[in-house]
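# Structural features, examined
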Amino acid sequence: RQRQMCIRDRPRGRLPIDPCSALSGRPRIRSTRGHTVTERLLFTARHGLSQSQIAFVRYPDLSALPDRPGLFALLGPRSAGQAGPLYFGHADHSMLRQIPQDPGFGHAIRRGLTGFAAAYLPSGVDPRALVDALAANYDAPVNAAAHALAEIEHAQAKIHKKSRARQSVSYTHLTLPT
């Protein structure tokens, strides 16, 4: 939700950090653009030995998302009633158009989706790896469920492949009476 702020009330110098962040102690930075307050959420991604902070801008609803590629977070209630990321994703063309089509969107709605955040993709970074790192770092439940389902499907495919191989081996050893 965006709040209105008078120019005379605008902070001078550094951007104010909200100490009451609902994101597990992560600071929320508020910056001003004209009369509106824009909330930025800092998410840390640990990938390999490196770590980077990515500034996401929070949007009040789906229609306010930018029509550009980038990273996105679907926000909603987490444990103890605090808000946090339910799902991280990447849109390669347009967040505005791709998020409603993303499989995680429906799952996030069922988990109580309350907000959206978007960020530019840092250059030279694999988007899938970055999304996985963010999801793992913040225990995003929709990403975790999708990852678990993919592991189950992979294990099932291996079992089916072995089963088919056994069946074909048993047929090759059969000899027909002459």
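Computed from a predicted structure; not experimentally measured.

### Topic: the overall build of the protein
- Broken down by element type, the protein carries four helices and seven strands.
- Within the protein, the proportion of its 178 residues that are buried is 33%.
- Within the protein, residue pairs in contact and separated by at least 24 positions form 59% of the contacts whose partners lie at least 6 positions apart.

### Some points on the packing of aromatic side chains
- What the rule picks out here adds up to six aromatic pairs.
- Between phenylalanine 43 and tyrosine 138 the ring centres are 5.0 Å apart and the planes differ by 80 degrees, which places this aromatic pair in the edge-to-face class. Linking phenylalanine 43 in strand E3 (residues 36–47) with tyrosine 138 in the loop between helix H3 (127–137) and helix H4 (141–172), this pair joins segments that are 95 residues apart in sequence.
- Owing to a relative accessible area of 0%, phenylalanine 43 belongs among the buried residues under this scheme.
- Aromatic pair phenylalanine 72 and tyrosine 87: ring centres 6.1 Å apart, planes at 45 degrees, arrangement tilted. Of this pair, phenylalanine 72 sits in strand E5 (residues 70–77) while tyrosine 87 is found in strand E6 (residues 83–91), placing the two residues 15 residues apart along the sequence. Here phenylalanine 72 matches tyrosine 87 in class, with each residue buried.
- One aromatic cluster in this structure is built from Phe43, Phe56, Phe88 and Tyr138.

### Side note on helix H2 (residues 103–110)
- Within the sequence span of H2, burial applies to Gly104, Phe105 and Ala108. For H2, the angular spread of buried residues about the axis comes to 105 degrees, placing them on one side. Across from the buried face of H2, at angles greater than 90 degrees, the exposed residues are Pro103 and Arg110.
- The opening residue of H2, the one whose side-chain oxygen lies 2.8 Å from the backbone nitrogen of glycine 104, is aspartate 102.

### Some remarks on the confidence of the model for the protein
- Averaged over all residues, the pLDDT of the protein equals 77, while 71% of them reach at least 70.
- In this model, residues 1–36 is a region of pLDDT below 50 whose contacts with residues beyond four sequence positions or in other chains number 64 contacts.

### So, the side chain of arginine 68
- As for its placement among the helices and strands, arginine 68 is situated in the loop between strand E4 (50–59) and E5.
- Lacking a salt bridge, the buried arginine 68 has aspartate 67 as its closest oppositely charged neighbour, with an N-O distance of 9.2 Å.
- Looking at arginine 68, its side chain comes within polar contact range of the side chain of tyrosine 120, at 3.5 Å.
- Apart from residues lying up to four places away in sequence, arginine 68 is in contact with His93, Ser94, Met95, Ala118, Ala119 and Tyr120.

### Quick notes on unusual backbone geometry
- A positive phi angle, close to 50 degrees, is found at aspartate 139, a residue other than glycine.
- You can see aspartate 139 is positioned in the loop between H3 and H4.
- Taking relative accessible area as the criterion, aspartate 139 reaches 55% and is therefore assigned exposed.

### What to know about the nonpolar core
- In terms of nonpolar packing, the biggest core is built from 18 residues, with Phe43, Ile54, Phe56, Leu71, Ala73, Phe88 and Leu134 touching the most fellow members.
- Contributing elements (two or more residues each) for this core: E3, E4, E5, strand E7 (115–119) and H3.
- Ranked by residue count, the leading element in this core is H3, at five residues.
- Counting 16 residues, the second-largest nonpolar core is a separate cluster that includes Val57, Leu65, Phe72 and Leu74.

### Section: the pairing of E7
- The buried fraction of E7 is high, at five of five residues.
- On E7, burial covers both faces: Gly115, Ala117 and Ala119 on one face and Phe116 and Ala118 on the other are all buried.
- Judged from the three bridges that link them, E4 and E7 form a sheet pairing that is antiparallel. Note on E7: the bridge partner recorded for valine 57 is alanine 118.
- Of the pairings in the sheet, the one linking E5 to E7 comprises five bridges and is antiparallel in character. By the bridge assignment for E7, phenylalanine 72 is matched with alanine 118.

Criteria and cut-off values
Residues numbered from 1 in each chain as written. Predicted model: local features only at pLDDT ≥ 70, side-chain atom pairs only at ≥ 80, totals over all residues. Heavy atoms only, no water. Helix = DSSP H or I, 4+ residues; strand = E, 2+ residues; numbered from the N terminus. Buried < 20%, exposed > 50% of the residue type's maximum accessible area, 1.4 Å probe, protein only. Contact = heavy atoms within 4.5 Å. Phe/Tyr/Trp six-rings, centres within 6.5 Å; stacked < 30°, edge-to-face > 60°. Arc of directions from axis to C-beta. Polar contact = N/O pair within 3.5 Å; in protein donor to acceptor, adjacent residues only side chain to side chain. pLDDT = per-residue confidence, 0-100. Lys, Arg positive; Asp, Glu negative; His and termini not counted. Salt bridge = Lys/Arg side-chain N within 4 Å of Asp/Glu carboxyl O. Core = buried A, V, L, I, M, F, W, Y, C linked by side-chain atoms within 4.5 Å. Pairing = 2+ DSSP bridges.

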